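Listed below are the residues making up each chain.
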Amino acid sequence: QVQLVESGGGLVQAGGSLRLSCAASGRAFSNYGMGWFRQAPGKERQFVAAISWSGTTRYYAESVKGRFTITRDNAKNPVYLQMNNLKPEDTAVYYCAAGDTAATVREGRSIAYWGQGTQVTVSS
């Protein structure tokens, strides 16, 4: 079965860092655009970051620019989200997603697969 599985979430103090990983199985995702979304309790799911299959195109939400970095390793399939200088408002469940292109993933379109999510909690 095709699966995306996130890991790396946890509890961290404000100003700290976490590195999220998304592992894929069941098929090759090297030709997919990949992205990260997050959803806080009682709020809508929001776009965080996306990356093209080649890694040459990246998109970020304005709220995370300069703090988060999305990368991928096509040879091994995983996609990563390095999160630095975390803030309490970053607290959410973070989801990995796979779609056709980075642009359509950013727009919430062409999402073919979702991970189950990993919890990130940032304390003040």
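Residues numbered from 1 in each chain as written. Predicted model: local features only at pLDDT ≥ 70, side-chain atom pairs only at ≥ 80, totals over all residues. Heavy atoms only, no water.

Sorry, what's going on with the overall build of the protein here?
For the protein, the helix and strand inventory stands at one helix and eleven strands. Starting at the N terminus and ending at the C terminus, the protein contains elements arranged as β-β-β-β-β-β-β-β-β-α-β-β. Taken over the C-alpha trace, the protein has a radius of gyration of 13 Å; the compact-globule value for 124 residues is 14 Å, and the two agree within 12%. The principal-axis extents of the C-alpha atoms in the protein amount to approximately 40 × 25 × 25 Å. Buried positions account for 43% of the 124 residues belonging to the protein. (Helix = DSSP H or I, 4+ residues; strand = E, 2+ residues; numbered from the N terminus. Rg over C-alpha atoms; globule rule 2.2 N^0.38 Å. Buried < 20%, exposed > 50% of the residue type's maximum accessible area, 1.4 Å probe, protein only.)

Help me out: how do you make sense of the pairing of strand β3 (residues 18-25) in this one?
Regular strands show a simple pattern: their side chains alternate between the two faces of the sheet. Bridge count for strand β1 (residues 3-7) against β3 is five bridges, and the pairing is antiparallel. Bridging from a neighbouring strand, serine 7 pairs with serine 21 of β3. Here five bridges tie β3 to strand β8 (residues 79-83), and the two strands are oriented antiparallel to one another. Bridging from a neighbouring strand, leucine 20 pairs with leucine 81 of β8. (Pairing = 2+ DSSP bridges.)

It is not clear to me how the environment of glutamine 119 should be interpreted in this structure. Could you clarify?
Here glutamine 119 shows up in strand β11 (residues 118-123). Residue classification places glutamine 119 among the partly exposed positions, given a relative accessible area of 38%. Taking the C-alpha atoms as reference points, glutamine 119 and leucine 86, separated by 33 residues in sequence, lie 14 Å from one another. Sequence-distant contacts of glutamine 119, defined by excluding residues within four places in its chain, comprise Gly9, Gly10, Thr91, Ala92 and Val93. Among the polar contacts listed, one links the side chain of glutamine 119 to the backbone oxygen of alanine 92, at a separation of 3.4 Å. Here threonine 121 takes part through its side chain, which lies 3.4 Å from a polar atom of the side chain of glutamine 119. (Contact = heavy atoms within 4.5 Å. Polar contact = N/O pair within 3.5 Å; in protein donor to acceptor, adjacent residues only side chain to side chain.)

What exactly am I supposed to notice about unusual backbone geometry here?
In the Ramachandran plot, asparagine 85 falls in the positive-phi region, its phi being about 50 degrees despite a non-glycine side chain. Even without glycine at this site, serine 110 takes up a positive phi of about 60 degrees. Of note, serine 110 is situated in the loop between α1 (102-106) and β10 (111-114). For serine 110, a relative accessible area of 27% gives the class partly exposed.

Even after reading the chapter, I still don't get the sheet that holds strand β7 (residues 68-72), so can you show me in this structure?
Sheet strands associate in pairs through backbone hydrogen bonding, adopting either a parallel or an antiparallel arrangement. Strand order in the open sheet formed by four strands is β1-β3-β8-β7, with antiparallel pairing between adjacent strands. Each end of this open sheet is capped by a strand with a single partner; those strands are β1 and β7. Each neighbouring strand pair of the sheet contributes to a mean axis angle of 15 degrees, computed without reference to strand direction. (Axes fitted to C-alpha atoms, helices over the stretch in contact; angles between N-to-C directions.)

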